[in-house]
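Chain residues, written in single-letter form:
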Amino acid sequence: MNMSDDVTGVTLQVVQKGADVAAHTAKELIDLIMRMLAEMNRQRDKQPKVSSTDLTSIKPGQVGMDTLRSNAKTIGDTLSMSENALTKSDMQFIAQKAKRYGIPVAFSNAKSKDNIFATVRTGDLPLFKQLCTELMKSKIAERPQELGNFRCDAWEIPFLTTHFNKNDLSAQFIQTADGENLCIFEKQDEKAIKMTRDSFVQQCNDVKSDLAFDRDESGYITIKNQKTGKEISFVQIPDKKTLAAEMQKAFDWDEIKAQLGSARFGEEMLQAEQKEKFFSDGAHAQFKQVEANVTVEGEDPICKEYSCWRLTPKSDEQPRIVFASKDGAFAVLEPEKMTRQQMRFSLDEQLGLTDRKHQTALIHKAENIAAFYAMQETHTAEYTFSKQDFNLADTAVALGLRKTDEEGNTVYTKKLPISSMHSEVNRTEKDFFRVDSTVTAIETDAEGVDHTQQDKKELVLSFSDKKASLQQLRELYVSQGVPDHIAKQMAKDVFRKAEMQNPNKPIQIQEVREQSMTIAMGMQSADISTTDKQAAADRVADEFGVSAELAETIVEKAEEIKIDAMQEREEIVASEVETAATEHAEQRADTMHSRNGHELHPEGNVLADAEVPDLPPAPELPPPSMGARR
């Protein structure tokens, strides 16, 4: 059997890009959000539907990069570029097949002999993958003697691709019917391919000798650098990029070695869905939190025209508010860090929104969302206990239910060692959090009267040593009367709540007055004079411990809020004046049009003879007041 018959598909390495990226916004984040929105849009409706490719707006086959980018922007799609290098003959095959498949494809570095890269619309990736599979089948069937191959693991493919591209080598990766991954290359490049692969294998061996993985019975994972003794630990498994970043920082490794270490962890320590999720390159995995369809009570109806998202990337854990229009355009706002003018600029440049009223409505919504989440920073954990939670056969527990005086008389009896517990979790900074634990017990005295007794304790813990922090929490709850098996689970729950909190609490402008403003961060607030802007910024920086740049932004934003409020008042006043003037004009017109209930003659103030009424006698004038002239 010809080997080409055994090929079931290709492993396609792609990098996705935004169709059009605003220069003033971090490109990497925009790309990430574009990918995430594209993923969600594709997954939103799984029902069968009629779809077609519009071939009138762009021709199929080879097109220019600018043409493809413009079309992708028009239809709200993103672009995906193959990271597997192509040869000149590969490019010609793909261009011809793409025309038959009805998809446009652009090529970068097309004038080069080798290392050409193809770019397609992300929505066309399934067809493009099939096209590449046909390319490989064709090459293997027509000239097998000119091609070499070697077997590799799936996790190695991205790294081999990077190594080959760095050395201007073209290679493709195929999947066979029995699940094997093979690297296919031109035999004329065999020597260079072997040298590059040997270099990669040496890197892998170095990583293997450096790292040791351990998972205890509770699921606690430790990764140790055996050369330096440094280690990182976690319970919740991060995605491969996050873990690589942690390794790079903790072990002082370069980026490639950290990525290899992360991939090796996933390959050796994970199975099934957990492994698939770890190696997934989906944009979702790179966000700590994704909230869609965010609404604010009483928001301006204008806001309904735009989808609203709140996204928190893992890279910096700073929330962004994203507004997307129906045609796929979107704007990214950071209300805590951006002035209103900066947000207007983003809405104009990214979303194409120029109407000031629409801009103001979206900015107000973004600020209200930020303010709401700022109030949610302190997390709480509530627990209610029952007799089933306690082993009453335990002597210590039984004795704890009764208290006697010196004569042995019962002073009170506890209905339960604990009836409820409230833990307040507050992340004080990036590496630390505080837990305030309050335990409530109900006691009945000798007269049968119930009394509520409370025990309050506080702990400040570190994220850097999770194992020690979990043990301290566990001991805290045991000391307050919680059974050990429950205290262990409570410790994990509380630690998780602390991890969920944003370590960098946003500063909120609570009120802006003529010469001052009220600023708050968490539970801290201060009234700050704005008569001197620089002095105000300095005080914000000193009072809340933020950067000078952010402090200046806060002062500028407060000034803009004041100006916006004045403009809104001026618009309201102008509207009232205009309304009053219109009403006055209408009343005057009515008066001129009708006097004493009679229609005026068209020629002027002359009543028609037939309509002249008997005029009533003139009223008597009141007597003049003292001192008045007549």
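Criteria and cut-off values
- Residues numbered from 1 in each chain as written.
- Predicted model: local features only at pLDDT ≥ 70, side-chain atom pairs only at ≥ 80, totals over all residues.
- Heavy atoms only, no water.
- Helix = DSSP H or I, 4+ residues; strand = E, 2+ residues; numbered from the N terminus.
- Buried < 20%, exposed > 50% of the residue type's maximum accessible area, 1.4 Å probe, protein only.
- Phe/Tyr/Trp six-rings, centres within 6.5 Å; stacked < 30°, edge-to-face > 60°.
- Pairing = 2+ DSSP bridges.
- Axes fitted to C-alpha atoms, helices over the stretch in contact; angles between N-to-C directions.
- Salt bridge = Lys/Arg side-chain N within 4 Å of Asp/Glu carboxyl O.
- Parallel < 35°, antiparallel > 145°, perpendicular 65-115°, else oblique.
- Left-handed = near helix turned anticlockwise from the far one by under 90°.
- Contact = heavy atoms within 4.5 Å.
- Polar contact = N/O pair within 3.5 Å; in protein donor to acceptor, adjacent residues only side chain to side chain.
- Core = buried A, V, L, I, M, F, W, Y, C linked by side-chain atoms within 4.5 Å.
- Expected span 1.5 Å × (residues − 1).
- Disulfide = S-S within 2.5 Å.
- Patch = residues over 30% accessible without salt bridge, like charges linked within 9 Å, V, L, I, M, F, W, Y side chains within 5 Å.
- Areas by Shrake-Rupley, 256 points an atom, 1.4 Å probe, with all protein chains shown as cover.
- Lys, Arg positive; Asp, Glu negative; His and termini not counted.
- Charge placed at Lys NZ, Arg CZ, Asp CG, Glu CD.
- pLDDT = per-residue confidence, 0-100.

Draft legend 1. Focus on the overall build of the protein. Looking only at helices and strands, the protein has 16 helices and 27 strands in total. The 630 residues of the protein split such that 43% are buried.

Draft legend 2. View of the environment of Gly-352. On the secondary structure map, Gly-352 appears in the loop between helix H10 (340–349) and helix H11 (356–374). For Gly-352, a relative accessible area of 53% translates into the label exposed. Along the sequence, Gly-352 and Phe-330 sit 22 residues apart, while their C-alpha atoms lie 8.5 Å from each other.

Draft legend 3. Expanded view of the packing of aromatic side chains. Under the counting rule described, the total for this entry stands at 8 aromatic pairs. With a centroid separation of 6.2 Å and an interplanar angle of 70°, the aromatic rings of Trp-155 and Phe-159 are classed as edge-to-face. As far as the burial class goes, Trp-155 and Phe-159 line up, both buried. Each ring, one from Phe-463 and one from Phe-495, has its centre 5.5 Å from the other, and the planes form 70°; the classification is edge-to-face. Separated by 32 residues along the polypeptide, Phe-463 in the loop between strand S22 (450–462) and helix H13 (466–479) and Phe-495 in helix H14 (residues 484–500) bring together distant segments of the chain. On the basis of relative accessibility, which here comes to 1%, the residue Phe-495 falls in the buried class.

Draft legend 4. Region of the structure containing the sheet that holds strand S23 (residues 507–512). The 3 strands are arranged S23-S24-S25 in an open sheet whose pairing can be described as antiparallel. Looking at strand neighbours, the two that pair on one side only are S23 and strand S25 (524–529), the edges of this open sheet. Averaged over all neighbouring strand pairs, the angle between strand axes comes to 25°, with direction disregarded. The pairing of S23 with strand S24 (residues 516–521) spans 5 bridges and is antiparallel. Each residue of the ladder has a partner; that of Ile-507, found in S24, is Met-521.

Draft legend 5. Summary view of the pattern of salt bridges. Scanning the model with the defined rule gives 23 salt bridges in all. When the shortest N-O distance is used, the salt bridge between Arg-264 and Glu-268 registers 2.7 Å. Here Arg-264 pairs with Glu-268, and both are found in helix H8 (residues 255–269), just 4 residues apart, close to one helical turn. We classify Arg-264 as buried; its relative accessible area is 11%. We note a salt bridge from Asp-527 to Arg-513, for which the minimum N-O separation is 3.6 Å. Placement of the pair is Asp-527 in strand S25 and Arg-513 in the loop between S23 and S24, with a sequence separation of 14 residues. The exposure class of Arg-513 is partly exposed, given its relative accessible area of 27%.

Draft legend 6. Region of the structure containing the packing of helix H6 (residues 190–210) against H8. Following both chains from N to C, one finds H6 and H8 inclined at 65°, their axes separated by 10 Å at the closest point. In terms of orientation, H6 lies roughly perpendicular with respect to H8. Between H6 and H8 lies a crossing of right-handed hand. In contact with Phe-200, Gln-203, Cys-204, Val-207, Lys-208 and Asp-210 of H6, H8 contributes Ile-256, Lys-257, Leu-260, Gly-261 and Arg-264.

Draft legend 7. Representation of the sheet that holds strand S9 (residues 181–186) in the model. Spatially, 4 strands are ordered S1-S8-S9-S7 in an open sheet, and the strand pairing comes out antiparallel. A strand with exactly one partner marks an edge of an open sheet, and here the two such strands are strand S1 (7–10) and strand S7 (147–152). Ignoring which end each strand starts from, the neighbouring axes of this sheet average 35° apart. As judged from the 5 bridges shared by strand S8 (residues 171–176) and S9, these two strands associate in the antiparallel manner. Residue Phe-173 lies in a different strand from S9, and its bridge partner there is Cys-183.

Draft legend 8. Broad picture of the side chain of Thr-87. Following the sequence through the fold, Thr-87 ends up in the loop between strand S4 (79–82) and helix H3 (88–101). Among the polar contacts made by the side chain of Thr-87, one reaches the side chain of Ser-89 at a distance of 3.1 Å.

Draft legend 9. Representation of unusual backbone geometry. With phi around 55°, Asp-168 is a residue other than glycine that occupies positive phi space. For Asp-168, the location among the structural elements is in the loop between helix H5 (157–166) and S8. Judged by its relative accessible area of 56%, Asp-168 falls in the exposed class. Backbone geometry at Asp-252 places phi at a positive 55°, although glycine is not the residue there. Structurally, the position occupied by Asp-252 is in the loop between helix H7 (240–251) and H8. Given a relative accessible area of 68%, Asp-252 falls into the exposed group.

Draft legend 10. Focus on the nonpolar core. Counting 34 residues, the largest nonpolar core has Phe-150, Phe-164, Leu-211, Ile-223, Leu-243, Met-247 and Phe-265 as the members making the most contacts within it. Excluding residues that lie within four positions of it along the chain, Phe-164 makes contacts with Phe-150, Leu-169, Ala-171, Phe-173, Cys-183, Ile-193 and Thr-196. Counting residues in hydrophobic clusters, the runner-up holds 26 residues, among them Ala-381, Val-425, Met-490 and Val-494.

Draft legend 11. The arrangement of H13 in detail. Its 14 residues give H13 an end-to-end C-alpha distance of 20 Å, which sits within 8% of 20 Å, the value for a rise of 1.5 Å per residue. Directly beyond the C-terminal end of H13, a positive phi value near 105° is found at Gly-481.

Draft legend 12. Region of the structure containing the state of the cysteines. Following the criterion strictly, the structure yields 0 disulfides and no others. Take Cys-152: it sits in no disulfide, and the sulfur closest to it among the cysteines is that of Cys-183, at 6.1 Å. The exposure class assigned to Cys-152 is buried, which follows from its relative accessible area of 3%. Residue Cys-308 stays outside any disulfide, its sulfur separated by 8.1 Å from that of Cys-303, the closest cysteine.

Draft legend 13. Representation of a negative patch on the surface within the structure. A cluster of acidic residues, Asp-532, Asp-538, Asp-542, Glu-549, Glu-552 and Glu-556, forms a negative patch on the protein surface. Residue assignment for the negative patch shows that the elements contributing at least two residues are helix H15 (533–544) and helix H16 (548–593). Tallying contributions element by element places H16 first for the negative patch, with 3 residues. Positionally, Asp-532 belongs in the loop between S25 and H15.

Draft legend 14. View of the confidence of the model for the protein. Summarising the model, the protein shows a mean pLDDT of 76, and 75% of its residues fall at 70 or more. At the level of individual helices and strands, the protein shows its lowest average pLDDT in strand S27 (residues 598–599), which scores 42, and its highest in H13, which scores 91. Confidence drops under a pLDDT of 50 for residues 19–25, and excluding neighbours within four residues, the segment shows 16 contacts in the predicted structure. Predicted confidence is poor over residues 593–630, with pLDDT under 50, and the contacts of this stretch with residues over four places away or in other chains come to 17 contacts.

Draft legend 15. Here's a closer look at the environment of Glu-549. By the secondary structure assignment, Glu-549 is in helix H16. Between the C-alpha atom of Glu-549 and that of Ala-537, which follows or precedes it by 12 residues, the distance is 8.7 Å.

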